[in-house]
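Structural overview
Chain by chain, the residues run as shown.
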Amino acid sequence: MTVNVGIPRALLYYEYYPLWNAFFENLGAKVVLSEKTNKKIFDDGIKNTVDEACIPIKLFHGHVMNIKDEVDYLFIPRIKSIAKDEYICPKFCGLPEMIKHAIKDLPTIISTEINLFKSTKGIKKTVCEVGKYFSDDEKNILSAYERAYYKYRNDKKAMQNKRNTENNKKIMIMGHPYHLYDVYLNMNTLEKFEAKEVDVVTPEMIDIKTINEYAKKFEGNLYWTFARKLIGTTMYLVDRKNVDGIIYISTFGCGVDSVVGDLVEKYIRRKSNIPFMLLTLDEHSGEAGINTRIEAFMDMVKWRDKFENNIPAHG
Amino acid sequence: MKITFPHMGNLYIVLKGVFEELGVAVIPPPKCNRNTLEIGTKYSPELICIPFKITVGNYIESIEKGADTLFMWGGCDICRIGFYNIIQKDILKNLGYDIKLVTVEPFKSPKEIHKFLEKLYTLTGTRNYLKIFAAFIKGIKLLNEVDAFDQLVNKIRPRAYNKGEVDRVYYQFEETINKAKGYKEISETIKKSKKELQNIHIDKHKDVLKIGIVGEIYTVVEPFINLDMIKKLGNMGIEVHRSVIASEFIKEQLDFLPFIHSDKSQVHKAASDYLNTEIGGHARHTIGNTVRFGEQNFDGVIHLLPFTCMPEIVASSILPTIEKEKDIPILKIVLDEMTADAGYLTRIEAFVDLLEKRKEMKISV
């Protein structure tokens, strides 16, 4: 009998899904993914989470509710650090506890701690700890991981190589992966731009090595992985000047964005005249406000062609 | 050179004493007030937590009073406290203030202490480690004295026959401290006020409710942010115990030294059933101390957190389980820029009513 492993379609799923999926499948497990975010998942999440939490965390709760009855295991790793000397948002570290104490009747949770703060060598041990739920053979587990990692790397590269057609305008839409790629949460913002015949780029399309090199030049210690990626991206864009506008998607109450969003905005406004707009999402699902802001932003970007010289950089 | 630092409860008394011992002129920021909050909010990122905004306000108010060197907390934590100095530096620079910054990293090893001593040298011009060590020891002493004084206040306030008498002593204490200079004068002021406190006529046999306060350290120790909750509860006849206080916090940073002992391991042990890892900020302490308050048969716990505080949000989702398992009522209060206290007061009063009823029922059974 195959074992079912549930992966909630939320938070770092958007970053690591190819890896996780391939790893579990290589070990002979069946991966059950929660549905794409919908009204029910959204509402379930809001109902079952502490009020103060941010929406991505609430959505995670909703996605857990969506699959918890169908699976033998739920994969909710305790992600403390995914790069050396860097942390990640505190809520990710306490996620298994948040779920355990908020939702009843859960299957077994695989809550292995992923902590690469001191060194990346520990990853083997972590992988074995996750794998032991499905196989006793350590070699088998590690080989499953290696193959999965290879696939993950290729997928990432394919994303970088995705070149847009040479449309007239190019807009960077940045933010955490779970803000950018959850289309229900961001009300299809990416598509809305594409519908206006705009090329959309995201931080995932830039080579991470380039991003890291730029981030190194930043004054001050960027000890959050998200911060390094987004600030590196910003510095790259400001230096190359290869986009016509920058959109930052954030959610209300996001602790990381309260810092990173501010640093990004100040950097762009001071060092360039690229138009910038911060879109903050919350529990509203009315699209009119977002539409208006996107339209106004694009109008402004296009007006620049005609009146290049005297438009201020304030989106 | 005139040095200043952000407020965090009564920590200013200690910092002032230590720096004055080292021969540095100190300009403590004015006591946190509405103006501090307004200036702070004006220049801070919109959604950042309240301690950040208040400290920005503190810096600016001190600079206006003539301070030219800032002493601030740096380093790296899972939560955003490690980003404070980067953004605050930038804010102050942009406002055109020409000031020197001294950041202290958390003491995780003796090496960090050495780094700190080098920074101290740039401030005081002394490499006389004996002098620095003496000042440091005096600082630890002051820290303990101030916190012991506060604890005594919290014990006497609910039992005093004349309400307001403790507050009067406290007010005078603060006035005198501001005028005192150096360790000796400060320490004497504390002793004198302590004596006055002990002379207050109290009802020794009064059966008072006991409430433990847990949460993020800044909201627990800074009366302006928590709307003077400790005082309000005290005057309602409740003995308040604060779980995270400045002296304990500093001790935890230094407990690798052989002569310093903190409660850290006990707190972590108490938390281990619910949260067995560090997730930044004071979340683990919140969990551990709530468990401990439950085991010590406190009547209730109040959980304080700044709006959008990431670690405390995790803690607050675990607390309902502890509330059930340890049978201790918990009231969660989220603090932000709201300075009107009526709403909070109503909630606290309702909570206290509930605790009283519970106690009555327990006795009658």
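Residues numbered from 1 in each chain as written. Chains lettered and ligands numbered in written order. Predicted model: local features only at pLDDT ≥ 70, side-chain atom pairs only at ≥ 80, totals over all residues.

Looking up chain B in an unreviewed UniProt entry gives the name Putative nucleotide-binding protein (Sugar kinase/HSP70/actin superfamily), with the organism given as Marinisporobacter balticus.

An unreviewed UniProt entry annotates chain A as Putative nucleotide-binding protein (Sugar kinase/HSP70/actin superfamily) of Marinisporobacter balticus.

Before going further, it helps to examine the overall build of chain B. Across its full length, chain B carries 15 helices and eight strands. Expected size for 365 residues packed as a compact globule is a radius of gyration near 21 Å; at 21 Å, chain B falls within 12% of this value. Going through the 365 residues of chain B one by one, you find that 44% of them count as buried. Sequence-distant contacts in chain B: of pairs separated by 6 or more residues, those separated by 24 or more amount to 73%. (Helix = DSSP H or I, 4+ residues; strand = E, 2+ residues; numbered from the N terminus. Rg over C-alpha atoms; globule rule 2.2 N^0.38 Å. Buried ≥ 20, exposed ≤ 12 C-beta atoms within 10 Å, placed from the backbone. Contact = placed C-beta atoms within 7 Å.)

What follows concerns the UniProt feature "domain: DUF2229" (unreviewed entry) in chain B. Under the UniProt annotation, "domain: DUF2229" (unreviewed entry) lies at residues 8-72 of chain B. For residues 8-72 of chain B, helix accounts for 55% and strand for 9%, while the C-alpha atoms at its two ends are 12 Å apart. (UniProt positions renumbered as here; feature names shortened; annotations may be inferred.)

Backbone hydrogen bonds are what pair the strands of a sheet, in a parallel or an antiparallel way. All names here are of chain B. Judged by pairing direction, the sheet is parallel, and its four strands sit side by side in the order β6-β5-β7-β8 without closing on themselves. At either end of the open sheet lies a strand with only one pairing partner, and these are β6 (238-242) and β8 (330-335). In this sheet, adjacent strand axes meet at a mean angle of 25 degrees when their direction is disregarded. When strand β5 (residues 209-215) meets β6, the two strands line up parallel, connected through five bridges. Looking at β6, one finds that I213 is bridged to R242. Each of β5, β7 (300-306) and β8 touches helix α13 (residues 283-295); the most contacted strand, β5, lies at about 165 degrees to it. The strands touched by helix α15 (residues 342-364) are β5, β6, β7 and β8; relative to β5, the strand with the most contacts, the crossing angle is about 130 degrees. (Pairing = 2+ DSSP bridges. Axes fitted to C-alpha atoms, helices over the stretch in contact; angles between N-to-C directions.)

All names here are of chain A. Viewed as axis vectors pointing N to C, helix α10 (residues 208-216) and helix α11 (residues 225-240) meet at an angle of 85 degrees, and their least axial separation amounts to 7 Å. Here α10 lies roughly perpendicular to α11, going by the angle between them. Note on element contacts: α11 touches α10 through R228, K229, I231, G232, T233, M235 and Y236, opposite T210, I211, N212, Y214 and A215. (Parallel < 35°, antiparallel > 145°, perpendicular 65-115°, else oblique.)

Below, the discussion takes up the interface of chain A and chain B. With 22 residues of chain A at the contact, the number on the chain B side is 29 residues. Considering only residue class, the side of chain A that touches chain B consists of 10 nonpolar, seven polar and five charged. (Nonpolar A, V, L, I, M, F, W, Y, C, P; charged D, E, K, R; others polar.)

This part covers the pairing of β5 of chain B. All names here are of chain B. Counting buried positions over the seven residues of β5 gives five, a clear majority of the element. In this structure, β5 lies alongside β7, joined through five bridges in parallel fashion. When the sheet's bridge partners are listed, I213 is paired in β7 with I302.

To continue, consider the sheet that holds strand β2 (residues 30-33) of chain A. Residues and elements named next belong to chain A. Read from one edge to the other, the open sheet built from four strands follows the order β2-β1-β3-β5, with strand pairing classed as parallel. Looking at which strands have only one partner, the edges of the open sheet turn out to be β2 and β5 (108-110). The sheet shows a mean angle of 30 degrees between the axes of neighbouring strands, taken without regard to direction. As judged from the two bridges shared by strand β1 (residues 4-7) and strand β3 (residues 73-75), these two strands associate in the parallel manner.

All names here are of chain B. For H7, the position within the fold is in the loop between β1 (2-4) and α1 (11-21). Exposure remark for H7: the 28 C-beta atoms within 10 Å place this residue in the buried category. With 89 residues separating them along the chain, H7 and G96 place their C-alpha atoms 22 Å apart. Among residues more than four places away in sequence, those in contact with H7 are Y12, P29, C32, N58 and E222.

Before going further, it helps to examine unusual backbone geometry. Residues and elements named next belong to chain A. In this structure, L11 is a non-glycine residue whose phi angle is positive, near 50 degrees. According to the C-beta neighbour criterion, L11 is buried, with 23 such atoms within 10 Å. In this model, N188 sits at a positive phi of 60 degrees, which is unusual for a non-glycine residue. Looking at the secondary structure, you find N188 in the loop between α8 (177-180) and α9 (189-194). Judged by C-beta crowding, with 14 C-beta atoms within 10 Å, N188 ranks as partly exposed.

Residue and element names in this part refer to chain A. The assigned domain composition of chain A is domain 1 (4-160) and domain 2 (162-310). Averaged C-alpha coordinates put domain 1 and domain 2 at centres separated by 26 Å. The interface is formed by 23 residues belonging to domain 1 together with 23 residues belonging to domain 2. Taken together, the elements giving at least two residues each to the side of domain 1 that touches domain 2 come down to α1 (13-26), α2 (39-48), α3 (55-67) and α7 (138-161). (Domains from an automatic or database assignment.)

Quick look at the confidence of the model for chain B now. Per-chain confidence: chain B averages 88 in pLDDT, with 98% of residues scoring 70 or above. Overall fold confidence (pTM) sits at 0.90, and the ipTM for the predicted complex is 0.87. (pLDDT = per-residue confidence, 0-100.)

This part covers α2 of chain A. Residues and elements named next belong to chain A. Among the residues of α2, I41, D44 and G45 are the ones counted as buried. Around the axis of α2, the buried residues are gathered within 100 degrees of arc, so they sit on the same side. Within α2, the exposed residues directed more than 90 degrees away from the buried face are K39 and K47. Where α2 is buried, its residues touch α3. (Arc of directions from axis to C-beta.)

The next point concerns the domain arrangement of chain B. Partitioning chain B into structural domains gives domain 1 (2-127), domain 2 (136-205) and domain 3 (208-365). When grouped by side-chain class, the residues that make up the side of domain 1 of chain B that touches domain 2 of chain B number three nonpolar, two polar and two charged.

Before going further, it helps to examine the packing of α2 of chain A against α3 of chain A. All names here are of chain A. Contact geometry for α2 and α3: axes closest at 7 Å, N-to-C directions at 110 degrees. Classified by the interaxial angle, the pair formed by α2 and α3 is roughly perpendicular. Where α2 crosses over α3, the two elements pack in a sense that is right-handed. Residues I41, F42, D44, G45, I46 and N48 of α2 form the contact with α3, whose own contacting residues are K58, L59, H61, G62, H63, M65 and N66. Residue composition of the contact of α2 with α3, by class: five nonpolar, six polar and two charged. (Left-handed = near helix turned anticlockwise from the far one by under 90°.)

Following the sequence through the fold, K155 of chain B ends up in helix α6 (residues 129-156). Sequence-wise, K155 of chain B and G234 of chain B are 79 residues apart; in three dimensions their C-alpha atoms are separated by 8.2 Å.

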